[in-house]
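# Chain and residue survey
Letter by letter, the chains look like this.
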Amino acid sequence: MRSAITILAAASLAGCAANGAGEPKTASASPKAAAPGKGKGFDHNPYPSTYRAYPGQPTLITNVTILDGEGGRIDNGAVLFRDGKIVEVGQQIAAADAQVIDGQGKWVTPGIIDVHSHLGDYPSPGVQAHSDGNEATSPITAEVWAEHSVWPQDPGFSRALANGGVTTLQILPGSANLMGGRSVTLKNVYARTMQGMKFPDAPYGFKMACGENPKRVYGGKGRAPSTRMGNVAVNRATWAKAAEYARKWDKYETSGGDAPTRDIQLDTLRGVMAGEILVHNHCYRADEMAIVMDMAKEFGYKVTAFHHAVESYKIADLLKANGACSAVWADWYGFKMESYDAVTENLAILENEGACAMIHSDDANGIQRLNQEVAKVWHAARRAGMDISKERAWRWLGIGPAAALGVADKTGSLKPGKMADVVLWNGDPFSVYTRPERVWIDGALMYDANNPKMRPVSDFELGQPGEGDTK
């Protein structure tokens, strides 16, 4: 005969079985993990900027011709900046606390922005040991980030500052691959690390390439792509894979559950599809740009800018309709078939048609003379009967590239509240005889042509012949 305790225990277990409260929990019955929130499944910025502006002093530049970077011009003007920001731009400005620079006969512009550079990734001296801009091991290398190759000691940075007045630049991977990886936007200041140069809160870019380069590099290795149709096919297959990856992460971030397995390559492509990473596409021919824009529509991303874009003038209306910018050279062409059908009025035609356009360098020497590149286009436009003013043309070095980099709210023009990235030129910057006299970045004087102590020298150059010269 069972004891009362045994009977009571059995009854209790029977009751639990009846209501399910006592059933052992299984993995499938465990509470689902809470959703982290849209875009919060993993760290999107694991290498954050540590940039801090150099100290400056309140400065008032007077009696200068001002090109404000947005198409405005002020003759006999003045610019006041303090605490790293533009305070006022006009003609009659008073500031008792400011250092006053009389710029009689000189010109002031916002700091030049180069939307296409490889400084730091292909630094000087240009030897194989420094060749870090192209991960040419697969046509798709979306997982690489240009910033992880940037060498802050590249002497090219100081050349661009002192000779070219360049204050902001985008460093891109090379163009051997269909998808070459992420780009990074830098402030052109000396720093010990890449992150010390990294433009605060600038969005990442994403380098793509179409045309001859990918098909030559990988066709030469006996693998796809070896044709232009192969370029598109490999791209489309990759975007389809990325779309499925994005759906999995979107579902997890909104509904919870088990997190999908991370794929660093597809993280970048998901960021492109979400609009947080901006596409910069190396492309020369008009027909290929049109195909790329249709591919972007198919997979739900947007091309921010086509780079080099020698034939953009043929499809200015399509580029305008799709909101795609063109970053071009003035007259660099003919070095391969896809770059052959060029006109020197390319940028001016785009401007007249209302399409977004700008100058870029893609070259460690060209970046030192971007003002002259703009001057070439301006003169070509005038010869062709196009009425484009100097102040309008300077947008190609100011607000245009700033917008393409997603930083137009911070720099690119001389507007109150923006970063005090300022160049004082010793004459008309549309002249080949003009050079930067002084360059400020965030209100800090970074270069003064009249002060040998203000000539930038990288650590790499210390102790070498020529140290401290104008480079």
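Criteria and thresholds
Position numbers for residues count from 1 along each chain, tracking the sequence in the order it is written. With pLDDT at 70 or above as the cut-off, local features in this predicted model cover only qualifying residues; side-chain atom pairs require 80 or more to be listed or tallied, and sums for whole chains, interfaces and linings still use all residues. With hydrogens and water set aside, each side-chain value is computed from the structure's full complement of heavy atoms. Per the convention used, a helix needs a DSSP run of H or I reaching at least four residues, while a strand needs a run of E reaching at least two, with both numbered from the N terminus. Note on classification: 1.4 Å probe, protein chains only; a residue is buried when its accessible area is under 20% of the maximum for its type, exposed when over 50%, partly exposed between these limits. Contacts were defined at the residue level, with two residues in contact if any of their heavy atoms lie within 4.5 Å. To be clear on the numbers: accessible area is Shrake-Rupley with a 1.4 Å probe, and residue cover counts the displayed protein chains and nothing else. Lines fitted to C-alpha atoms define the axes here, with helix axes fitted over just the stretch in contact, and angles between the N-to-C directions of these axes take values from 0 to 180 degrees. We call two directions roughly parallel when the angle between them is under 35 degrees, roughly antiparallel when it is over 145, roughly perpendicular when it lies between 65 and 115, and oblique otherwise. We call Asp, Glu, Lys and Arg charged. Ala, Val, Leu, Ile, Met, Phe, Trp, Tyr, Cys and Pro are nonpolar, and the rest, Gly among them, are polar. Any cysteine sulfur atom paired with another within 2.5 Å is treated as part of a disulfide. We call a set of buried residues a nonpolar core when its members are Ala, Val, Leu, Ile, Met, Phe, Trp, Tyr or Cys and they connect through side-chain atoms within 4.5 Å of each other. For every residue, the predictor states its confidence as a pLDDT score lying anywhere from 0 to 100. For Phe, Tyr and Trp, rings pair up if their centres lie within 6.5 Å, where Trp contributes its six-membered ring, and each pair is then called stacked (planes under 30 degrees apart), edge-to-face (over 60) or tilted (otherwise). Put simply, a charge is over a ring when the Lys NZ or the Arg CZ is close to the ring centre, within 6 Å, and near the line of the ring normal, within 35 degrees. By definition, turning the near helix anticlockwise from the far helix through less than a right angle yields a left-handed crossing, and turning it clockwise yields a right-handed one.

### Structural notes on the overall build of the chain
If you tally the helices and strands in the chain, you get 11 helices and 16 strands. A burial count over the chain gives 51% of its 471 residues as buried. Long-range contacts, defined here as pairs at least 24 residues apart, represent 68% of the contacts in the chain between residues at least 6 apart. Accessible area for the chain stands at about 20,400 Å²; split by element, carbon and sulfur atoms hold 52% of it.

### Points about the packing of helix α4 (residues 228-255) against helix α5 (residues 264-273)
Here α4 crosses α5 at 80 degrees, and the two axes come no closer than 9 Å. In terms of orientation, α4 lies roughly perpendicular with respect to α5. Residues Thr238, Trp239, Lys241, Ala242, Ala243, Tyr245, Ala246, Trp249, Asp250 and Glu253 of α4 lie in contact with α5, whose contacting residues are Leu266, Asp267, Leu269, Arg270, Val272 and Met273. In terms of residue class, the contact of α4 with α5 is built from 10 nonpolar, one polar and five charged.

### Some points on the state of the cysteines
Tallied over the entire structure, the rule returns two disulfides. Cysteine 210 shares a disulfide with cysteine 283; S-S distance 2.0 Å. A residue pair is termed long-range when its members are at least 10 positions apart, and cysteine 210 in the loop between β9 (204-209) and α3 (212-219) and cysteine 283 in strand β10 (residues 277-283) qualify at 73 residues. Sulfur-sulfur distance for the disulfide between cysteine 325 and cysteine 356 comes to 2.0 Å. When the S-S torsion is 90 degrees, as for the bridge of cysteine 325 with cysteine 356, the disulfide is right-handed. Of this pair, cysteine 325 sits in strand β12 (residues 325-328) while cysteine 356 sits in the loop between α8 (346-352) and β13 (357-359), and the two are 31 residues apart along the sequence. A residue is classified by how much of its surface remains accessible, and cysteine 325, at 8% relative accessible area, is buried. Taking relative accessible area as the criterion, cysteine 356 reaches 29% and is therefore assigned partly exposed. Among the cysteines of the chain that take part in disulfides, numbered as they appear in the sequence, the pairing is 1-2, 3-4.

### With respect to the nonpolar core
Membership of the largest hydrophobic core comes to 87 residues, with the highest contact counts inside it found for Phe206, Trp239, Tyr301, Phe306 and Ile359. In contact with phenylalanine 306, other than residues within four places in its own chain, are Asn281, Cys283, Met289, Val292, Met293, Leu319, Ala324, Cys325, Ser326 and Ala327.

### As for the confidence of the model for the chain
On average, residues of the chain score 93 in pLDDT, and 93% of them reach the 70 mark or higher. Contacts of residues 1-21 to residues separated by more than four positions or lying in other chains number four contacts, the stretch itself having pLDDT below 50.

### Description of the environment of glycine 205
Along the polypeptide, glycine 205 turns up in strand β9. Judged by its relative accessible area of 1%, glycine 205 is buried. Spatially, the C-alpha atom of glycine 205 lies 20 Å from that of tryptophan 329, the residues being 124 residues apart in sequence. Non-local contacts of glycine 205, meaning those with residues more than four positions away in its chain, are made with Gln170, Gly181, Arg182, Ser183, Ile277, Leu278 and His280.

### Things to note about the packing of aromatic side chains
Taken as a whole and judged by the stated rule, the model has 16 aromatic pairs. A ring pair is formed by tryptophan 329 and tryptophan 332, whose centres lie 4.7 Å apart and whose planes are at 55 degrees; its orientation type is tilted. Measuring from ring centre to ring centre gives 5.8 Å for tryptophan 332 and phenylalanine 335, while their planes differ by 55 degrees; the resulting arrangement is tilted. What makes phenylalanine 335 partly exposed here is its relative accessible area of 39%. One aromatic cluster is present, formed by Phe42, Tyr245, Trp249 and Tyr252 through successive ring pairs. The ring centre of tyrosine 204 lies 4.9 Å from the NZ or CZ of arginine 182, which sits over that ring. Above the plane of the ring of phenylalanine 42 lies arginine 262, whose end atom (NZ or CZ) is 4.1 Å from the centre.

### Let's talk about the packing of α4 against helix α6 (residues 286-299)
It is at 11 Å that the axes of α4 and α6 come closest, and there the two elements cross at 15 degrees. Considered as vectors, α4 and α6 are oriented roughly parallel to each other. Seen from above, α4 lies across α6 with right-handed handedness. Only Glu288, Ile291, Met295, Glu298 and Phe299 of α6 make contact with α4, whose side of the interface consists of Arg228, Val232, Asn235, Arg236, Trp239 and Ala240. Split into classes, the residues belonging to the contact of α4 with α6 amount to six nonpolar, one polar and four charged.

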